[in-house]
Amino acid sequence: MATIRPFRCVRPTADVAGRVAALPYDVYNRQEAKAEVQKEPLSFLKIDRAETGFPDSVDPYAPEVYQRARELLQKEIADGIYTRDEDSAYYVYELTMDGRAQTGLAACAAVDDYLNNVIKKHENTREDKEQDRITHVDTCNAQTGPIFLAYRSNEIVNRVVGQVKQEEPLYDFTASDGIGHRVWKISDSAKVEAVQQAFAQIEQIYIADGHHRAASAVKVGVKRREEHIGYDGTEEFNYFLSVLFPHDQLMIMDYNRTVKDLNGLTKEEFFQKVSEHFHMEKSMKPVRPGRKGTFGMYLEGQWYCLTAQDALFEGKDAVGSLDVSVLQDYLLAPVLGIGDPRTDTRIDFVGGIRGLEELERRAEEDMKVSFSLYPTSITELFDVADQKLLMPPKSTWFEPKLRSGLFIHEI
């Protein structure tokens, strides 16, 4: 059963929340992050990516960079840009994109639930990517980027969230990218108890996005346990910052592929090999697949619709039956020679938020052929995690992205 508990939040004051809130640290390269901080000096990126305050010659992973992040956070708390709530609470967090809203709950999940697989994973993590956030969290003594979790919708949680959303929000702003953000606080003891007890009856929680942040937070927690031999489990380092969404609120976008060449094949040879497993027909318009098992392909100014043979899905486990797996196993690997998409430099990935136009542009400028996919569903994600399997890389693209800086959990 899941332990999802309220916490004492460090958060920006309402008048600056919209300026502080920043996209996750890992969506920017160094120069992009620096430009964002120059454009908005209050952006949380200056803490999340403290190298933005140093010359480019300074290693972004140098000890002084993390120390600067800690100093900036403490200074902004002291200056009143952030406030430290006196009570433990949950926070309702609504994000609206293109008129569609999804509402989650900011809370703390348990390190033990992660270790015991109550919180389920569907991706591997890389130690080098973990180490940066481990050092950031440990040095700042705070978790600053929430992990995006999902759970099967619960009537009690839905009812409490619905009641709280009738109240005046703490925050209500629209970010520069057009995403609306509203936040409410759940501090009423009866509502807090109801939510906590409801989650105690939920057997599985799933990491939707943020596997590296989650692994890093857990490793810091384990490290703190080793440093505090007499810990009793109530310490804040035993929990990590999360925003949890019911499954029926979430939207997963397509995560598309583009490949540099035809692996030495002529166009005609390529078409012949593709046709061995896919029915292929020309399309007079860009192809955004409308159902599972269909794919768009763009080559030399022409879109094609590919339909996978039914046999490709027969007898497969939760991973093998994913559209991303079918494309990889029956086209990208055997025809185009993309053996390991994690390391092969001939393939790149394009999030669905960038549109089909980006697939066309890449195929015409620096790549050769692009593929559009039907989005992986949240049910497929749950099935993969329940079977203790791992998804292929770049299988899911969640939008809108959670903002960092709105909720901070001190450990």
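Note that the structure is predicted; figures quoted are calculated from it, not measured.

**Student:** Help me understand unusual backbone geometry in this model?
**Tutor:** With an omega of -5°, the peptide bond running from Glu399 to Pro400 counts as cis. Within the secondary structure, Pro400 sits in the loop between β20 (397–398) and β21 (408–410). At Asp98, a position not held by glycine, the phi torsion is positive, near 50°. Structurally, Asp98 can be placed in the loop between β4 (90–97) and β5 (100–110). With relative accessibility at 77%, the residue Asp98 sits in the exposed group. Located in the positive-phi region is Lys388, a residue other than glycine, with phi close to 60°. Tracing the backbone shows Lys388 in the loop between α13 (378–386) and β20.

**Student:** For this particular structure, what's the right way to read the packing of helix α4 (residues 63–78) against helix α6 (residues 127–140)?
**Tutor:** A pair of packed helices is characterised by two quantities: the angle between their axes and the separation of those axes. Packing of α4 against α6 leaves a shortest axis separation of 9 Å and a crossing angle of 45°. When the interaxial angle is binned, α4 and α6 end up oblique. Crossing handedness for the pair α4 and α6: right-handed. In contact with Tyr66, Gln67, Ala69, Arg70, Leu73 and Gln74 of α4, α6 contributes Asp132, Thr135, His136, Thr139 and Cys140. Each residue belonging to the contact of α4 with α6 can be placed in one class, and the counts come to 4 nonpolar, 5 polar and 2 charged.

**Student:** What should I look at first to understand the packing of aromatic side chains in this one?
**Tutor:** For any two aromatic rings, the description comes down to two numbers: the centre-to-centre distance and the angle of the planes. Within the structure shown, the criterion is met by 16 aromatic pairs. For the pair Phe148 and Phe398, a centre-to-centre distance of 5.0 Å together with 50° between the ring planes defines the contact as tilted. Here Phe148 is found in strand β8 (residues 147–151), whereas its partner Phe398 is found in strand β20, with 250 residues between them in sequence. Take Phe148: its relative accessible area is 4%, and that puts it in the buried class. Relative to Phe349, the ring of Tyr255 lies with its centre 6.5 Å away and its plane at 80°, an arrangement referred to as edge-to-face. Placement of Tyr255 in strand β14 (residues 255–259) and of Phe349 in strand β18 (residues 347–351) is noted, with a sequence separation of 94 residues between them. Each member of the aromatic cluster is reached from another via a ring pair, and the members are Phe7, Tyr91, Tyr93 and Phe407.

**Student:** Just checking my understanding: could you explain the sheet that holds strand β3 (residues 82–84) for this structure?
**Tutor:** Within a sheet, adjacent strands bond to each other through the backbone by hydrogen bonds, running parallel or antiparallel. Here we have 4 strands laid out as an open sheet, ordered β3-β2-β21-β7, and antiparallel in their pairing. The sheet is open, and its two edges are formed by β3 and β7 (142–143), each paired on a single side. Two strands pair when backbone bridges link them, and β7 and β21 are joined in this way by 2 bridges, in the antiparallel orientation. Considered in β21, the bridge of Gln143 is made with His409.

**Student:** How should the pattern of salt bridges be read in this particular structure?
**Tutor:** Inspection of every chain in the model, using the stated rule, returns 37 salt bridges. The partner of Lys185 in a salt bridge is Asp87, and the shortest N-O contact between them spans 2.8 Å. Of this pair, Lys185 sits in strand β10 (residues 180–186) while Asp87 sits in the loop between β3 and β4; the two residues are 98 residues apart in sequence, bridging distant segments of the chain. Between Asp386 and Arg152 there is a salt bridge; the shortest N-O distance is 3.3 Å. A residue pair is termed long-range when its members are at least 10 positions apart, and Asp386 in helix α13 and Arg152 in the loop between β8 and α7 (155–164) qualify at 234 residues. With relative accessibility at 36%, the residue Arg152 sits in the partly exposed group.

**Student:** Where do I start with the sheet that holds strand β16 (residues 294–299) in this structure?
**Tutor:** The 6 strands are arranged β15-β17-β16-β19-β14-β18 in an open sheet whose pairing can be described as antiparallel. Among the strands making up the open sheet, the edge pair consists of β15 (278–283) and β18. Across this sheet, the average inter-strand angle for adjacent strands is 25°, counted without regard to direction. Here β14 runs beside strand β19 (residues 369–373); their pairing, made up of 3 bridges, is antiparallel. Residue pairing for β19: Val259 is matched across the bridge by Val369. Strands β14, β15, β16, β17 (302–308), β18 and β19 of the sheet are contacted by helix α11 (residues 323–332), whose axis makes an angle of about 150° with β19. Relative to the sheet, helix α12 (residues 355–365) contacts β14, β16, β17, β18 and β19, its axis offset from that of β19 by approximately 160°.

**Student:** Got a minute to help me understand the nonpolar core in this structure?
**Tutor:** The nonpolar side chains of a soluble globular protein tend to be buried with one another. Residues Phe270, Phe278, Leu331, Leu332, Leu336, Phe371 and Phe407 are the most contacted members of the largest nonpolar core, which totals 69 residues. The residues touching Leu332, leaving out its near neighbours within four places in the chain, are Arg257, Val259, Leu327, Gly337, Ile338, Ile347 and Phe371. Core analysis: the next-biggest nonpolar cluster, separate from the first, contains 33 residues, Val164, Ile202, Ile205 and Ala214 among them.

**Student:** Looking at this model, I keep getting lost on α11. Mind explaining?
**Tutor:** An α-helical turn contains 3.6 residues, so any two residues separated by three or four positions project in the same direction. Counting buried residues in α11 gives 8 out of 10 residues, a clear majority hidden from the surface. Those residues of α11 not exposed but buried are Asp323, Val324, Ser325, Val326, Leu327, Gln328, Leu331 and Leu332.

Rules behind the numbers
Residues numbered from 1 in each chain as written. Predicted model: local features only at pLDDT ≥ 70, side-chain atom pairs only at ≥ 80, totals over all residues. Heavy atoms only, no water. Helix = DSSP H or I, 4+ residues; strand = E, 2+ residues; numbered from the N terminus. Buried < 20%, exposed > 50% of the residue type's maximum accessible area, 1.4 Å probe, protein only. Axes fitted to C-alpha atoms, helices over the stretch in contact; angles between N-to-C directions. Parallel < 35°, antiparallel > 145°, perpendicular 65-115°, else oblique. Left-handed = near helix turned anticlockwise from the far one by under 90°. Contact = heavy atoms within 4.5 Å. Nonpolar A, V, L, I, M, F, W, Y, C, P; charged D, E, K, R; others polar. Phe/Tyr/Trp six-rings, centres within 6.5 Å; stacked < 30°, edge-to-face > 60°. Pairing = 2+ DSSP bridges. Salt bridge = Lys/Arg side-chain N within 4 Å of Asp/Glu carboxyl O. Core = buried A, V, L, I, M, F, W, Y, C linked by side-chain atoms within 4.5 Å.

Function cannot be inferred from these measures alone, as they are strictly geometric.
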